[in-house]
Amino acid sequence: MKFFYLLFILFFAFNTSFSQWTTQSDANTMVSTSRTGDAKTIGTSDGKTFVAYWKEIGSPNNYEMRLQLLDAQGNQLFGPDGMLVNNVVTMSTSTQIWNISIDASDNVYIAFNGTSGTNPVYVHKINTSGTQLWGATGVNAGNGFFPFALALTTGEVIISWIPSGGNQGYFQKYSSAGAAVWGSPKIITPVVGTHRTSAGEMAALSNGAFEILFHDRATSSISSFFYAQKYDNDGITQWASPIQLSNKTTSYNRRYSMQQNADTVYLGYYASTGVRFDSYLQRINPDGTLPWAINGSDFDAGNAYYEQETSIAYNPGSPYVWSICTFTDAAQGQHGEFVQKFDAYSGARYLTNNGKSVFPISGNDTAHKGTLQLINDAPFFMLSGGFNNGGTPINMIATRLDANGDFVWPAHVKEMGTYSNTKLRFEFTRPFNNQSVGVWTETRAAIGESRAFAQNITADAVIGPLPVTISYFKGRLNNAVGELQWQTETEINNRGFYVEKSSTGSSFKSIGFVASKAVSGVSNLSLNYFLNDDKLFAGNNYYRLKQVDIDGRTNYSNTVLIKYNAKKIDVNIYPNPATEMVNVNIQSLLATDATIIITDVQGKIIAQQKVKLPSGVQMIPVQVNYLSSGIYLLSVVSKEENPVVLKFEKR
């Protein structure tokens, strides 16, 4: 009995010492001790969570910008009150659109403007160590509103905003160090000369090019129409004229959902015709064509309900784009949540022409909050609703669907936040180590003011401390071998890891098992693991870890990609130097005919031999005893591959 008691103490100690996540959905993890106004959240590639927020200072409704970073275990990396981003520019009671974004190195960009005086626009670039990479006051792009920052593939950054007193949106390129690249900002040219423009979503394309999906509006109202224009690295337009994406009415002060497959852009949006709203998925090809015509593919072709807030998700290379949409009745008084699965190439709808009901329209007002994510190329998302609370939308829940849009979890949902207060400012981060994080703001009676709260949840519907925390999982190509390595920070009850592989990123098979290095599966030390794969697919090789507990519960890691541009014919020779014979070892992907040719260094042919190569590996002995001492070239020539030429020495 003492033994089991000791195990319980150890388990409790691990869960409380190594993590700030809680299993209590009525408590959650507090993001900071600050009184919090508006907040925005974005996840990093290694499972951390940035939360930028306005902290109330001085008189009521006067705010300064601060930033918190939670690690994958929920620990506050920037202290209990986060870090100061900027207190030179403060936000007053006026509500403004501001944004955060992230680059491939997990640097976060916070773009905002003040609401007094000249409305200065500032953008800060901050890394995961809390270093202000553009200085304590960031970049002052000018005066105006609605700023946004986009990191380009070159490491440079595009900042867009609406200048004070101006009608056309501006954009300027900045170096990675924060220096303006162009002599003056460029203008988002309206379709009609007297119209107003502003940047909506922006997409970073290859070679430093970018695409701006902008709003064009005739008056100062929020009603607008969506257009797109492509720019090269110098900010020069690449299409003869902007492409109109929709002839439905959108709102310039709203952010919509965007995904990419290389330079192909997908836009999930909802728009109105008269008094009703409809959701669409639009595809924009790199050449500016719209293969699905204006508006794109309708979420609900039957228009049985009003379709509003929409979020899309896409795994590059997948044949599908997923979308979730909040449906309402005609009075827009009751809400429900529907899901649709689109063909990424044709725009065809897979879940009937009307979408699939996940939560029916009712007084529960269940609706998604934050961004749609994918686990195994199927939906994983957070919602608010009235579960167990008489229809009041104050609970945060999460759910996971399969490839057919059906519930994965037996209980359908998992409660994440259940404290009885209205919740605002939602986000749901991208998965890492099979875990996403929900963040929202809420005023709780015990605190008496608005705070930001966070809660983790895994794809297995587990909230609270994870049994295994993975610091990183990465892979690299070394010659023709895929080298995989990962590190754990803590392990509880861990049996080990299955390494799974896929050529598509959606259907995985195990290629090996690596047992836990932790004694009895328990450790609070950093442990390193390795596995090599010498049977690579030609092209894409996707890998993930399936972590298995001693009690059989499983969790998945992030997915890593190793690209292998396999030669159709690969050749090596030995011994080298040689005296009597050279063994020519040939690995061919296809059965074919080839010729082995020996020449001197001037290219004069000395000998040649025709051979038949099977699919696979073949060793062919070649006599060289008749050659004089010196350096020679051995070539393998076939119609399947460029000549493979190797140098050898005859002694």
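The preceding data block contains the structure.
These lines cover the structure that appears in this document, whether it is placed above or below. Computed from a predicted model, the values in this text were never measured in an experiment.

## Some details on the sheet that holds strand 38 (residues 527-533)
Spatially, 34-35-38 is the arrangement adopted by the three strands of the open sheet, whose pairing is antiparallel. For this open sheet the edge positions go to strand 34 (468-478) and strand 38, each flanked by a neighbour on one side alone. Strand-to-strand twist across the sheet, computed as the mean angle between neighbouring axes with direction ignored, equals 15°. By the bridge criterion, ten bridges tie strand 34 to strand 35 (residues 481-491) in an arrangement that is antiparallel. Directly across from Tyr 472, in strand 35, lies its bridge partner Gln 487.

## Quick look at the pattern of salt bridges
Under the counting rule described, the total for this entry stands at 22 salt bridges. Across the pair Lys 501 and Asp 533 runs a salt bridge, and its minimum N-O distance is 2.7 Å. On the criterion of sequence distance, the pair formed by Lys 501 in strand 36 (residues 494-502) and Asp 533 in strand 38 is long-range, its members being 32 residues apart. What makes Asp 533 buried here is its relative accessible area of 7%. Arg 651 is the salt-bridge partner of Glu 649, the closest N and O atoms lying 3.8 Å from each other. Residue Glu 649 is classed as partly exposed on the basis of its relative accessible area, which comes to 30%. Given a relative accessible area of 57%, Arg 651 falls into the exposed group.

## Description of the pairing of strand 11 (residues 170-174)
With four of its five residues buried, strand 11 lies for the most part within the structure. As defined by bridge partners, strand 10 (residues 157-163) adjoins strand 11 across five bridges and the pair is classed as antiparallel. Paired with Ile 158 across the strands is Lys 173, a residue of strand 11. The loop that links strand 10 with its antiparallel partner strand 11 comprises six residues; one of these, Gly 165, has a positive phi angle of about 75°. Across two bridges, strand 11 lies against strand 12 (residues 186-187) in antiparallel orientation. Paired with Phe 171 across the two strands is Lys 186, which belongs to strand 12.

## Thoughts on the environment of Gln 24
For Gln 24, the position within the fold is in the loop between helix 1 (2-17) and strand 1 (29-30). For Gln 24, a relative accessible area of 46% translates into the label partly exposed. Each C-alpha atom of the pair Gln 24 and Gly 464 lies 7.7 Å from the other, and the pair is 440 residues apart in sequence.

## Let's talk about the sheet that holds strand 43 (residues 581-588)
Spatially, the three strands line up as an open sheet ordered 42-43-46, and their pairing is antiparallel. Across the chains shown, the open sheet's two edge strands, defined by having one partner strand only, are strand 42 (569-574) and strand 46 (616-623). For this sheet, the mean angle separating the axes of adjacent strands, direction not counted, is 20°.

Thresholds, definitions, all that
Residues numbered from 1 in each chain as written. Predicted model: local features only at pLDDT ≥ 70, side-chain atom pairs only at ≥ 80, totals over all residues. Heavy atoms only, no water. Pairing = 2+ DSSP bridges. Helix = DSSP H or I, 4+ residues; strand = E, 2+ residues; numbered from the N terminus. Axes fitted to C-alpha atoms, helices over the stretch in contact; angles between N-to-C directions. Salt bridge = Lys/Arg side-chain N within 4 Å of Asp/Glu carboxyl O. Buried < 20%, exposed > 50% of the residue type's maximum accessible area, 1.4 Å probe, protein only.

That is the geometry; function is a separate question.
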